[in-house]
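# Inside the fold
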Amino acid sequence: MKKDNMNKFFKEHKQTIEDNEFSAKLFSRLDYIPASESSARRSKKIIFIFATIGIVLFILMGGYSSLIDGLSSMSTLFENFKSIRAEVVVSVVFMICSIVALGRFAFEEE
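Values in this document were obtained by computation on a predicted structure and should not be read as measured data.

Another point: the overall build of the protein. A count of helices and strands for the protein gives five helices and zero strands. Secondary structure elements of the protein occur, N-terminal to C-terminal, as α-α-α-α-α. Counting every position in the protein, which comprises 110 residues, the buried fraction comes to 13%. Only carbon and sulfur atoms are counted for the fraction: they give 65% of the accessible area of the protein, which is about 10100 Å².

Below you can see the structure in the form of structure tokens.
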């Protein structure tokens with residue numbers, strides 16, 4: 001019932017404001033405003049820098065060997081949950097972050 005009353009009120013008190021070609025002027029002006037590319041460039045640089053840092057840290061911390069150890073211990077993951085070392089978890093997290101960052105950098109939609 002309240003909704004009907006509100007609709008009735010707004011229909012009775014509807015007001016219109018003259019446009020005076022304001023919309024046409026606004027949209028013609030918007031066509032000439034250049035899009036900001038600095039933020040897009042900045043985000044690409046940041047993604048590239050952090051992806052590079054992630055890959056370098058992965059290599060320097062011996063992530064590949066820890067990753068192989070971690071993957072080989074995945075078969076006994078649920079049996080011996082405490083057997084996973086912190087290095088394996090950190091290396092997997094670094095690897096996932098670098099792959100996501102590189103994937104976003106490589107397949108960014110324009």
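Next comes the rest of the write-up.
Considering all chains together, one arrives at one aromatic pair under this definition. Pairing Phe9 with Phe10 gives two aromatic rings, centres 5.5 Å apart and planes at 70 degrees, and the pair type is edge-to-face. Residue classification places Phe9 among the partly exposed positions, given a relative accessible area of 44%. In this structure Phe10 comes out as exposed when scored by relative accessible area, which is 54%.

We now examine the confidence of the model for the protein. Per-residue confidence for the protein gives a mean pLDDT of 75; residues scoring 70 or more make up 77%. The element-level mean pLDDT for the protein is lowest in helix α4 (residues 63–72), coming to 72, with helix α1 (residues 2–12) highest at 84.

As for its placement among the helices and strands, Val92 is situated in helix α5 (residues 86–106). Taking the C-alpha atoms as reference points, Val92 and Gly70, 22 residues apart in sequence, are found 8.4 Å from one another.

Before going further, it helps to spend a moment on the environment of Ile96. In this structure, Ile96 sits in helix α5. Given the relative accessible area of 47%, Ile96 is considered partly exposed. Between the C-alpha atom of Ile96 and that of Gly54, which follows or precedes it by 42 residues, the distance is 9.2 Å.

Turning to a nonpolar patch on the surface, a few remarks are in order. Together, Ile46, Phe48, Ile49, Phe50, Ile53, Val56, Leu57, Leu60, Met61, Val90 and Phe105 make up an exposed nonpolar region whose accessible area comes to about 1000 Å². Breaking the nonpolar patch down by element, the ones donating at least two residues are α3 (38–60) and α5. Counting residues per element, the nonpolar patch draws most heavily on α3, which supplies eight residues. In this structure, Phe50 sits in helix α3.

This part takes up α5. Here α5 spans 30 Å end to end across 21 residues, near enough to the 30 Å set by a 1.5 Å rise per residue. Buried within α5 we find Val88, Ser91, Ser98 and Ala101. Taken around the axis of α5, the buried residues stretch over an arc of 165 degrees, which confines them to a single face. Relative to its buried face, α5 has exposed residues pointing more than 90 degrees away, namely Ala86, Val100 and Arg104.

Once that is clear, we can look at the side chain of Ser91. Along the chain, Ser91 turns up in helix α5. Apart from residues lying up to four places away in sequence, Ser91 is in contact with Phe58, Gly63, Ser66 and Leu67.

The rules behind each value
- Residues numbered from 1 in each chain as written.
- Predicted model: local features only at pLDDT ≥ 70, side-chain atom pairs only at ≥ 80, totals over all residues.
- Heavy atoms only, no water.
- Helix = DSSP H or I, 4+ residues; strand = E, 2+ residues; numbered from the N terminus.
- Buried < 20%, exposed > 50% of the residue type's maximum accessible area, 1.4 Å probe, protein only.
- Areas by Shrake-Rupley, 256 points an atom, 1.4 Å probe, with all protein chains shown as cover.
- Phe/Tyr/Trp six-rings, centres within 6.5 Å; stacked < 30°, edge-to-face > 60°.
- pLDDT = per-residue confidence, 0-100.
- Patch = residues over 30% accessible without salt bridge, like charges linked within 9 Å, V, L, I, M, F, W, Y side chains within 5 Å.
- Salt bridge = Lys/Arg side-chain N within 4 Å of Asp/Glu carboxyl O.
- Expected span 1.5 Å × (residues − 1).
- Arc of directions from axis to C-beta.
- Contact = heavy atoms within 4.5 Å.

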